[in-house]
Amino acid sequence: MIVVTAPTGRIGHQVVDNLLARNAPVRVISRDPSRLPTETRERVEVVEGSHGDLDVVTEAFAGAHAVFWLVPADPRAPSVEAAYVGFSGPACKALEQHRVARMVGVSALGRATALAGDAGNVTASLAMDDLIASTGVNYRALTMPSFMDNIARQAAMIKNEGVFTSPISGDRKLPSCATQDIALVAAGLLIDTSWSGVAEVPVLGPQDLSFDDMARIMSEVLQRPIRFQRIPGQAYKDRMLQAGMSEAMAQGMLAMALAKDAGLDNAVARTPETGTPTSFRAWCEEVLKPAVLA
């Protein structure tokens, strides 16, 4: 049995789809099972509740040989440590109790860099990995750069104003990956019973691009001028605070962006093993263009 957390999220639902396509036995943890597609509910076991709840994960992990772990966004968390390490504590107890063999988790790049200690959400993600590894479970941390899919959050601004923004320099070339590739890598590891120990698995996408590069590609795909605009860090943080994010989480997001701008995501070399196939142009055609036109 493979347990999938956050099964209705951008990554989790694709992990479920990949596993079911391979006829793997799947159990999901969902706060709201009604959000699962009908065809999915008919093929999976469902444990209702939060995977940050000890009783819920204790029930869900019983008899499981692998778990896909993804911490859900908590914009109101009192600290990044609470959002990642604190949330994962109950699951670590359940891993030990049920002696689950393997876990695959969503994490971040940067461990080998001097920037890792002051990178907000990334720093907390790496601490979460250490906590999970301390349980003795065989663990693969999927270490990712920013997701291409995050840009789709600005679809309305791209449509209405022809612009997207970030506090990161427009000419800083960075890796980025598509969530569909993350899900494919995760599903492969969850099904594979041959690996052991603790290691990171970078998921880097096919090439490094700057936001200026992305703007040119978006302009070509959308057939209209799109430009990137760098915004001050404080303006970026203020925007998140105005949206209801806690001070600690807004600061964590800003610290992460500043660390990426300083090279946090550039320390791992792209190889045939760490690269993934979906190009930014293909992602724009498949995901961004429909979102902007909607």
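Above this note sits the structure.
Figured I'd write up the structure that's included with this text. As the structure is a prediction and not an experimental result, all values here were calculated from the model.

Calculation notes
- Residues numbered from 1 in each chain as written.
- Predicted model: local features only at pLDDT ≥ 70, side-chain atom pairs only at ≥ 80, totals over all residues.
- Heavy atoms only, no water.
- Helix = DSSP H or I, 4+ residues; strand = E, 2+ residues; numbered from the N terminus.
- Expected span 1.5 Å × (residues − 1).
- Buried < 20%, exposed > 50% of the residue type's maximum accessible area, 1.4 Å probe, protein only.
- Right-handed = clockwise from strand over helix to strand, strands pointing away.
- Contact = heavy atoms within 4.5 Å.
- Phe/Tyr/Trp six-rings, centres within 6.5 Å; stacked < 30°, edge-to-face > 60°.
- Axes fitted to C-alpha atoms, helices over the stretch in contact; angles between N-to-C directions.
- Left-handed = near helix turned anticlockwise from the far one by under 90°.
- Nonpolar A, V, L, I, M, F, W, Y, C, P; charged D, E, K, R; others polar.
- Pairing = 2+ DSSP bridges.
- Lys, Arg positive; Asp, Glu negative; His and termini not counted.
- Salt bridge = Lys/Arg side-chain N within 4 Å of Asp/Glu carboxyl O.

### Points about helix α7 (residues 179–191)
Stage number 1. Under the 1.5 Å per step criterion, the end-to-end length of α7 is 18 Å for 13 residues, consistent within 8% with the ideal 18 Å.
Stage number 2. Buried within α7 are the following residues: T179, D181, I182, A183, A186, A187, L189 and L190.

### Some thoughts on the pairing of strand β5 (residues 102–108)
Stage number 1. With seven of seven residues buried, β5 is to be regarded as a mostly interior element.
Stage number 2. Residues R102, V104, V106 and A108 of β5 are buried on one face, and the alternating residues M103, G105 and S107, pointing to the opposite face, are buried as well.
Stage number 3. In this view, the connection linking β5 to its parallel neighbour strand β6 (residues 138–144) by way of helix α5 (residues 121–133) has right-handed handedness.

### Some remarks on the environment of A116
Stage number 1. If you trace the backbone, A116 turns up in the loop between β5 and α5.
Stage number 2. You can call A116 buried: its relative accessible area is 12%.
Stage number 3. For A116 and L264, which are 148 residues apart along the polypeptide, the C-alpha to C-alpha distance reads 7.3 Å.
Stage number 4. Those residues in contact with A116, other than ones at most four positions away along the chain, are G110, R111, T123, L126 and L264.

### Regarding the packing of aromatic side chains
Stage number 1. According to the stated counting rule, one finds five aromatic pairs in the structure shown.
Stage number 2. Taking 5.9 Å as the distance between ring centres and 75° as the angle between the ring planes, the aromatic pair formed by F164 and F211 counts as edge-to-face. Of the two residues, F164 sits in strand β8 (residues 163–166) while F211 sits in helix α8 (residues 211–222), which places them 47 residues apart along the sequence.
Stage number 3. Under the relative-accessibility criterion, F164 is labelled buried at 1%.
Stage number 4. A relative accessible area of 15% means that F211 is categorised as buried.
Stage number 5. Taken together, the ring pairs connect F164, F211 and F228 into an aromatic cluster.

### Notes on the packing of helix α3 (residues 54–61) against helix α4 (residues 80–98)
Two quantities define a packed helix pair, namely the angle between the axes and the distance from one axis to the other.
Stage number 1. Close contact between α3 and α4 brings their axes to 9 Å; oriented N to C, the two are set at 35°. Handedness of the α3/α4 crossing: right-handed. Residues L54, V57, T58 and F61 of α3 pack against P90, A91, K93, A94, L95, Q97 and H98 of α4.
Stage number 2. Among the residues making up the contact of α3 with α4, the classes are represented as seven nonpolar, three polar and one charged.

### What to know about unusual backbone geometry
Stage number 1. In this structure, A6 takes a positive phi of about 50° despite not being glycine.
Stage number 2. Within the secondary structure, A6 is located in the loop between β1 (2–5) and α1 (12–21).
Stage number 3. Take A6: its relative accessible area is 18%, and that puts it in the buried class.

### Structural notes on the sheet that holds strand β2 (residues 26–30)
Stage number 1. Reading across the sheet, the seven strands line up as β3-β2-β1-β4-β5-β6-β10 and stay open at both edges, with parallel pairing between neighbours. Single-partner strands in this sheet number two, and they are β3 (45–48) and β10 (198–202). Averaged over all neighbouring strand pairs, the angle between strand axes comes to 20°, with direction disregarded.
Stage number 2. Pairing between β5 and β6: seven bridges, direction parallel. Bridge pairing in β6 places S107 opposite T143.
Stage number 3. Seen against the sheet, α5 touches β4 (66–69), β5, β6 and β10 and runs at an angle of roughly 165° to β5.

### Considerations on α5
Stage number 1. Over its 13 residues, α5 extends 18 Å from the first C-alpha to the last, a length consistent with the 18 Å expected when each residue adds 1.5 Å.
Stage number 2. Where α5 is concerned, the buried positions are N121, V122, A124, S125, L126, M128, D129 and I132.
Stage number 3. In this structure, the buried residues of α5 make contact with β4, α4, β5, β6, β10 and α10 (247–261).

### What about the side chain of D129?
Stage number 1. Take D129: it is sitting in helix α5.
Stage number 2. R111 is the oppositely charged side chain nearest to the buried, salt-bridge-free D129, at an N-O distance of 4.1 Å.
Stage number 3. Once residues within four sequence positions are removed from consideration, D129 is found in contact with S107, R111, Y139 and A141.

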